[in-house]
Structures are given as structure tokens and as C-alpha cells.
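Architecture at a glance
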Amino acid sequence: MSVYQVYPKYKDSGIEWLGQVPEGWQIKKIKRTSYLKGRVGWKGLTSSEYMDDGYAYLVTGTDFQTQFIGWAQCACVNKDRYDDDPFIQLKNGDLLITKDGTIGKLALVKDINKPACLNSGIFLIRPISSYITHFMYWVLQSNSFLSFCNIYTQGSTILHLYQNVFEEFFFPAPSVPEQSIIAAFLDHETAHIDAIISKQQQLIKLLREKRQALISHAVTKGLNPDAPMKDSGVEWLGEVPADWKIGTVGKGYAVVLGKMLQPEQRHLDERQVPYLKALHVNWEHLLCTDLPKMWATTEEIKTFSVSVGDMLVCEGGEVGRATLIDTTLTCECIIQNALHRVQAKEYGLLPYLLRILQTVSYVGWFEILCNKATIAHFTREKFVALACPYSSISEQQSIADFLDRETAKIDTLIAKTQHAIELAQERRAALISAAATGKICVTQSQSVSKPFSKSREYFQKVVLAAEITSQLHQEKTFGRVKLQKILYLSEYHARLPFQYSEYQRYAAGPHDPKVLYSIEAQMKKQKWFDAKLREDGYGKQYIPLERHNAYKQYYERYFTDRHNLIQRIIDLLRQQDTRFCEVVATIYGVWNDFLLEGKRPTDGEIFHEARTNWDPKKQAIPENLWSRALGWMREHEITPVGWGEPTVHRQTS
């Protein structure tokens, strides 16, 4: 956090969970600034009414995917059920938060393609005043909201966020333009951290796969790569060394299924004794603290007792899950009938059998053996009959020792990687809290890239134009005017540090003709794209040339930290027609100019400036298109923050 600046002055918020906030920020309350609703009752709705497809989506907490809703996986309900509660019918731009179970999962609503409503475990949050949805999304992930929840649910065993409690949440509110900057900053920074975390998680997955492949190969093929092989005759084993024998688990191991749970005393000679169940057994790890107790006779305790060195194997649940009992077992205990106790006989070695069971599980053979279409049970009969390869005891020991050594190395790498993930997650949470509550200032110059030299800036604009063109050149609506509008919006929305632009107020919106024509010439020179007249003679189209992918190496170098913001502009305007893009860019330019002057314009002032003081031809655009475009911009949070240089009036002779 030390790389970020702080605000010049702070003040006491007077709110326990907020502490100090920047001077100039306001303190607002959810109740007074938000439309907050949750479903009240189900009116007899049952799961049998859920449909794979239907009139309306029914959103649950399980449908939250990263920032947004996974519409493809949502269940549906019919129109009558949708109409049951008009207060929780969703709109694009809404914010959702879970209020039951895992409190505080968040999702932004976007890209609804049909009606949608909520189940009873979610609140709908819609701003009325003082904040934008995207900013609140980050506020509710901050430690201030977590502290608020802890204060109001302290001592409660019910994991539920009540509406009358949530309404009392006070939050810090900077100006709306500053909220937009903070939200964009957190989008960018958390995306970077999330990418790091994702790579680390993928590494752990690969390490675990490598670990299991190492185990499976050693216990089925041995350690000698030159050993002659034979067909084992067992489907999951395949070929094994020619001198190995194939038997059953019962040949080399004694298997005992545990005692049925007995919660009450039946005979005078019974006493309570701690017992282990499937819950206590993880792969290669035994949990043996706070063990429950059951009643058992002296003879039963002798029969079902376990000792250090024994193996425990799950009979139900994840069948076959196993561990060796190590020195963590410090008390006398027995096993419940959800576990098998395994002890070695003359031909078997327990550490070797553990690796065999891991391989059987990895290849999915337990599922076949135990018929997982119903509740799976790995009975003693199935266990002792399971095929098992046998080499000499000395070779089994060599294999077990080798795997202990090699898996320990991999486990160390996994632990280090997991620690790195935890540190990244902690940094992510700290960054969100610091930015959303004003502990750091991200609106200063350190939150954007340093300005470029004029020559470098020009080339970067060419690269950005090439990325836009590459993605959109096949769209029927894409041409020279749309390229210019998306280029302008990308530059300003992503706050790219281009200092030499001079966007003029042309009839088709903000336009820098000198730069655009130069960009087209440079794209042709680089053999990326060529601008040619359309066959109908109206407008330009862009044709890929032989090196049209060569720009990508530069794009990744220059725009990685702003890619998400640029991509969002491209995606949102991809299929919009040229006139709509023109109107959006014009509104953005007018609105941004007002903000640069320190003014907060009304909608009427924006429309008046765009239609009367931009270019006379703007008068021909229907009023409803201006209103629709402005509403669309707010819905998708494509709104200016007073950044960059103002537009200039076109010089005409």
C-alpha cells in the first residue's frame, strides 16, 4: 500500500466501522440512497416448479460468477411466478448481494436477455442517489462492510443479513466522477491480481496431477524403466512388471469393518470410548481432535481398536479415501462402521497399499466398483476382493520410500504456491478496502500510466486502432466513423495518457482527422489493414493485410494494464450502428467538457450543448435517440470523470 498516495486531509466519520475518511467525502446510508428489496415469501413455490427454460430467470447465490450472473446456468420460472413480486424484477445495472448462508457474495446484473427475478436468499440494491452501482460493488467488498456485519451479527448463530440491519449501513461517498475512477482502478488492479492467483491455482492443479501420475506409474510399473512387462489382466492396472504377481487385497492385508454407532448403554460391561468416522479421514492425513464417543464392550473395543501404523479406509462417502495412522493418535479409540481398519500380513506393506488406493481412486475405478448411481459403499467384501499387484516386500518398500521422497518435494512446492495465493488474496482485500474507503488516493497521476513521448504516443494509437479494427472489421456496422468514435471512447474511458490529441467537434462526433488519416496510412505501411471504399461506394471498410496479426505483440506490451476497459468499450459498441456510436461519443465529450470546467451538468444541459453548440447537423438527430444513448451510458457505466483534454470547436474557413 505504501506505493499509493493518501488524501491531503482526513476527518472522523463518526461511524465505528469507517474510522477516518477523506475530507470532502460524504457519509451516506444505504436506507436513504438505495432501492433495497428482497423476496418476501414464496407463496408455495417448490423446486418442482423450477424449469431449465421458461419465461423468467430465477437467480440464486449459486449463479454468481466472478462479477456477474451466469445466466446460462440459472433455473427459470413461469410468468405467474415472476409476477408474484414486482419489487424484485431485475434490470441491467442492478447490484445483488446474498443474505443467507455465505453473506456478502456480490454480482452486477448485465446482459439480461429476458425477465429475471430473485430467490429469497438475495437482496436487490439499486442506487437512488449519491453513488453508482459499480462503486458500491467494491464498497461492499471492503473491510468496512465486513466490520459492520460482525458488529450487527455478533453472538448470533444464524447466518442471515436482515433488511432492517443492512439499511443501517453507512458508507463513504466521494463525488460520482471520483467513484468512477476508484471503480475502474479496482477493476484493473484486482483483474491483475486475479490473473496471478489464477496462474498459481493452475500451477497447483498441474503439480497435483504430476504427483498422482508419479504415484500411479510407480505402483503399476515399478521403478525400473527397463523391466520386461506383461498384461496384468486387470482393466485399471494395464501392464505390470513381468515378475510381479496379481492377487487381491485380502491376500496381503487383514480388513476389519468398524462397529455400528451405539449412542446408548445396553449392558453393564459397556463403557464410552472415542471413535473415528469417515469425516476424520483425509488422504494421507488423520483428524483426531475432539472425537465423539459411543458405547462398546471390552471385547468390541479390542476388536475395533486402532493403533499407530494401521490404515483407515472409508467405506462410504468418498469411498476408498485412506490414511495411515501416525503419532497424532494419542488416545484409545475404535472405528465406526463407516471405516475399515487395515493391517498388513506377510505379503503386504501398508504405505504401498495407500498408493495403490490413490491410483484406484484417480482412475475412477471405485465409482465403477461401488455403483455410484446410488449411495456408494465400499463393503469389506469388495475391498478384500480388489485386485492388487504384489512385488517383493523389499521392492514395495523401495517404491513407498521413493514416493514419500518425491511427493514431499511436490507438496513443498504446492504449499509455497498456496502461500503465495493467500498473500495475493490478502493484498487484494487490503487494496479494495483502502481504495473504496479513501485510505489511499487513486485519482492522482500514479494510478495511470506515465505519458508517452509524441512519437511513441502516435505509434501506440496506431496499435490501439489496429486492435479495434482486428476485432470489428467483419461487422457490417464498422467503418471509419465508428473506428474514430471507439478510438476516442477507449482513450478517454481507459484514461490513456495521450497528450497530443485534439478532438474537434465534427458533425459525426469527436474527431481528430489528421491523426486518423495518418493512422490508416501507418496500418497500411505496417501491412496490418488497408482502408478501402465499400462496394456500394458509401464509407470505408478495413481489409486485413498479410501481417494483420503482427500488431498484437505491441498491444500486449502497451495496453495490458488497460485491456479490460478497452475491451469493454469494443464489446458494448460492437453491434451498435454508427449513428448510435456517434451520439454516445458526442454526449461523452460534452459531459466530460462540463466536468473539466468543474460543472455537474443536468441531462437537459448535456442535450442542449450537444444539439446546439456542437455542430448544426446535430439538430437532425431525434431527441429520443439522445435520451436512449444517455440512459444506455448510465446503464453500462460508460460515463466520463472529467479526464483528459476538452474537445475544441472545429476550425472552418
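Residues numbered from 1 in each chain as written. Predicted model: local features only at pLDDT ≥ 70, side-chain atom pairs only at ≥ 80, totals over all residues. Heavy atoms only, no water.

1. A few points about helix α18 (residues 578-596)
The end-to-end C-alpha separation of α18 is 27 Å, in line with the 27 Å expected for 19 residues at 1.5 Å each. The buried fraction of α18 amounts to 16 of the 19 residues, a majority that puts the element mostly inside the structure. Measuring from the side-chain oxygen of the N-cap residue of α18 to the backbone nitrogen of Arg-579 gives 3.3 Å; that N-cap residue is Asp-577. (Helix = DSSP H or I, 4+ residues; strand = E, 2+ residues; numbered from the N terminus. Expected span 1.5 Å × (residues − 1). Buried < 20%, exposed > 50% of the residue type's maximum accessible area, 1.4 Å probe, protein only. Polar contact = N/O pair within 3.5 Å; in protein donor to acceptor, adjacent residues only side chain to side chain.)

2. Re the packing of helix α14 (residues 480-493) against α18
Where α14 contacts α18, the axes come no closer than 9 Å and their chain directions differ by 35°. Here α14 runs over α18; the crossing is left-handed. Here Val-481, Lys-482, Lys-485, Tyr-488, Leu-489, Tyr-492 and His-493 of α14 lie close against α18, whose contacting residues are Thr-578, Cys-581, Glu-582, Val-584, Ala-585, Tyr-588, Gly-589 and Asn-592. Residue composition of the contact of α14 with α18, by class: eight nonpolar, four polar and three charged. (Axes fitted to C-alpha atoms, helices over the stretch in contact; angles between N-to-C directions. Left-handed = near helix turned anticlockwise from the far one by under 90°. Contact = heavy atoms within 4.5 Å. Nonpolar A, V, L, I, M, F, W, Y, C, P; charged D, E, K, R; others polar.)

3. Considerations on helix α9 (residues 350-362)
A rise of 1.5 Å per residue sets the reference length of α9, with its 13 residues, at 18 Å; its end C-alpha atoms lie 18 Å apart and thus fit the reference within 8%. Burial analysis of α9 places ten of its 13 residues in the buried class, the great majority of the element. Trailing α9 by a residue or two, Gly-364 shows a phi angle of about 80°, which is positive.

4. Quick word on the sheet that holds strand β5 (residues 56-59)
The sheet built from three strands is open, its strands ordered β8-β5-β11 with mixed pairing. At either margin of the open sheet sits one strand with a lone partner, and together these are β8 (75-77) and β11 (116-118). Direction aside, the axes of adjacent strands within the sheet are offset by 40° on average. Direction of pairing for β5 relative to β11: parallel, over a ladder of three bridges. Paired with Val-59 across the strands is Leu-118, a residue of β11. (Pairing = 2+ DSSP bridges.)

5. Topic: unusual backbone geometry
Working note: non-glycine residues mostly have negative phi, and peptide bonds are mostly trans. If you check the backbone angles, Glu-284 has positive phi at about 65° while not being a glycine. Considering the arrangement of structural elements, one finds Glu-284 in the loop between β19 (281-282) and β20 (285-286). With relative accessibility at 31%, the residue Glu-284 sits in the partly exposed group. With a phi angle near 55°, Glu-637 is a residue other than glycine that sits in the positive phi range. Exposure remark for Glu-637: the relative accessible area of 18% places this residue in the buried category.

No statement about biological role is implied by the geometric values presented.
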